[in-house]
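What follows is the residue order along each chain.
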Amino acid sequence: MLSEWLVARLAEPGLTGEAPAPDSRDDESIALWTLHELSFRGFEDADERAEWDPGLLGVRRDLEEALEERLRSRWSEAGRDSTPRAGGVPEALEELVAEDDGPSLADHVRRHADRDQVLELLRQRSVYHLKESDPSAFVVPRLPVRAKAALMALQFDEYGDGDPNRLHSHLFARGLEAVGLRPEYGAYVDDALTENLEMNNAGSLFGLHRRLRGAAMGHLAAFEMTSSLPSRKMVQGLDRLGLAGPMADYYDEHVEADAVHEHLAARDICGTLAEDEPDQAEDILFGAFTCLDVEARFATVMLDTWGVAG
Ligand SMILES: [Fe+2]
Ligand SMILES: [Fe+2]
C-alpha cells in the first residue's frame, strides 16, 4: 500500500526506494492527504524536511496529476466548460450554484438525522473545519491587487478578526469538545471517507499550486455561496437533538458571516480576478464546479450509508 509505505518513509527519513503504486482510490487519497499535510501542520513523527524531499514530491506530483485529471474530466463531462466573458464570472458562479442539485446533508440534519448520524457527520467535517481557510491562505501572494485585498478581508474574518477565540477552526474545535468528540487536528482522518479525503485534497491541490489560483478562488466562492443557508439548517438540527451550545455557535457564526463572504468571494475576489487576468475565468468556474461536485459525491455516500434517499 502506498499510504503505509509513505508513513514508514516519513518516520525514517533515510529510507529510500521506489514508492509502490496505490492499490485503491482510498489508498491514493490517504497518501495525497498525508503529503499535502506536510505543507500544513506536518506530523510530530515526520522529518520536517520531508515537505521538499524530491522523491516525495515526485509521488505527490503523480497523485495530484491523477486527481486533477479526474476532476477536470468530471467538469468537461458536465458540459459547462465554456469560458464566460471575464465580466460575467460572478453571474456564471451564481448560475452554477443555482443549478447544483446535489443532496443536502444539512436538510437531513435539520429534520431527520439522529444523534449518531450528526456526530458521524461532525467527525467527517472535522477533517476540513479544523483547518478551515488554510488552503486559501496560500493563494494570497498570487493574486492581483483587488482580489488580494478582498481575499484578505474574508480571511481576516475566518481567522477570527484578530481574536484567537473567534478563529473559525477554533470555534469548530470547541464545538467538537462540547459534543463529546476529539478536538485535536486530524483526530478523525483515519475514519474519513474516500470522498471526504478527495474533497479535502482538491482544496489543498488548488491552494498549493500558483497555476491553479483561479480554481482555488472559484472553489472558495462556491463554498461560501453554499454555506449560509445550510449553516442555519445545521443550527436547527443541532437544536432539535439537544446539541446546541458551542457547536451551534460555530454554524451560527457562518449564517451571518457567509452571507457577506458570498459576495466578497464571487464579486470582489473572483470577479476582479477574472477582469484582471481573463485567462483565469474558466478555471474559476472549474474550481467552483469541483467544490459542488465533491460535496455532492460525499453527501450521496453519507446518505447512502444511513439508508436515506438524497
Ligand atoms: Fe468559516
Ligand atoms: Fe466564510
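Residues numbered from 1 in each chain as written. Chains lettered and ligands numbered in written order. Predicted model: local features only at pLDDT ≥ 70, side-chain atom pairs only at ≥ 80, totals over all residues. Heavy atoms only, no water.

Novice: So what's going on with unusual backbone geometry? Residues and values would help.
Specialist: Excluding glycine, a negative phi dihedral is what most residues carry, and trans is how most peptide bonds are arranged. You will see that S133, though not glycine, has its phi angle at about 75°, which is positive. As for its position among the elements, S133 is in the loop between helix 6 (115–129) and helix 7 (134–137). For D161, which is not glycine, the phi torsion reads 50° and is therefore positive. Position of D161 among the secondary structure elements: in the loop between helix 8 (145–158) and helix 9 (168–178). Relative accessible area serves as the criterion here: at 44%, D161 is assigned to the partly exposed category. (Helix = DSSP H or I, 4+ residues; strand = E, 2+ residues; numbered from the N terminus. Buried < 20%, exposed > 50% of the residue type's maximum accessible area, 1.4 Å probe, protein only.)

Novice: Residues and numbers for the coordination of the iron ion (ligand 1), please.
Specialist: Every protein donor of the iron ion (ligand 1) is accounted for by E132 (OE), E158 (OE), H168 (ND1) and H254 (NE2), and the metal-donor separations fall at 1.9 to 2.2 Å. Each of the 4 donor atoms around the iron ion (ligand 1) contributes to a set of angles spanning 82 to 166°, which defines the coordination as irregular. For the iron ion (ligand 1), the donor residues sit on a single chain with the sequence spacing E-x25-E-x9-H-x85-H. A gap of 3.9 Å separates the iron ion (ligand 1) and the iron ion (ligand 2), which E158 links by coordinating each metal. Residue E158 is found in helix 8, and its partner H254 is found in helix 13 (residues 246–276); the two are separated by 96 residues along the sequence. Look at E158 and you get buried, because its relative accessible area is 2%. (Donors = N, O, S within 2.8 Å, 3.2 Å for Na, K, Ca; no water. Tetrahedral: all angles 85-135°; square planar, octahedral: opposite > 155°, others 65-115°.)

Novice: An account of the pattern of salt bridges is needed here, citing residue identities and associated values.
Specialist: Taken as a whole, this structure holds 23 salt bridges when the rule is applied. A salt bridge links R49 to D47; the shortest N-O distance between them is 3.4 Å. With its nearest N and O atoms 2.9 Å apart, the salt bridge here joins R72 to E68. With R72 and E68 both in helix 3 (residues 54–77) and 4 residues apart, this pair spans about one turn of that helix. (Salt bridge = Lys/Arg side-chain N within 4 Å of Asp/Glu carboxyl O.)

Novice: Explain the layout of surface pockets to me, using residue names and the numbers behind them.
Specialist: Approximately 1,000 Å³ is the volume attributed to the largest pocket. Lining the largest pocket we find 50 residues, and of these R125, F223, T226, S227 and E295 sit closest to its centre. Elements with a minimum of two residues in the lining of the largest pocket: helix 5 (105–111), helix 6, helix 7, helix 10 (194–208), helix 11 (213–225), helix 12 (228–240), helix 13 and helix 14 (281–305). The residue inventory of the lining of the largest pocket, partitioned by class, reads 24 nonpolar, 17 polar and 9 charged. (1 Å grid on protein atoms, 1.4 Å probe; cavity = no way out; pocket = protein on both sides within 12 Å on 5 of 7 lines; lining within 4 Å. Points joined across faces, edges and corners; volume = space filled by probe spheres on them. Nonpolar A, V, L, I, M, F, W, Y, C, P; charged D, E, K, R; others polar.)

Novice: Can you lay out the environment of Y188 for me, pointing to particular residues and giving the numbers?
Specialist: Checked against the element boundaries, Y188 lands in the loop between helix 9 and helix 10. Overall, the relative accessible area of 11% leaves Y188 in the buried class. For the pair formed by Y188 and S126, sequence separation is 62 residues and the distance between their alpha carbons is 7.2 Å. The contact partners of Y188, leaving out residues within four places of it in the chain, are R123, S126, V127, L181 and R182. Polar contacts involving the side chain of Y188 include one to the main-chain amide nitrogen of R182, which spans 2.8 Å. (Contact = heavy atoms within 4.5 Å. Polar contact = N/O pair within 3.5 Å; in protein donor to acceptor, adjacent residues only side chain to side chain.)

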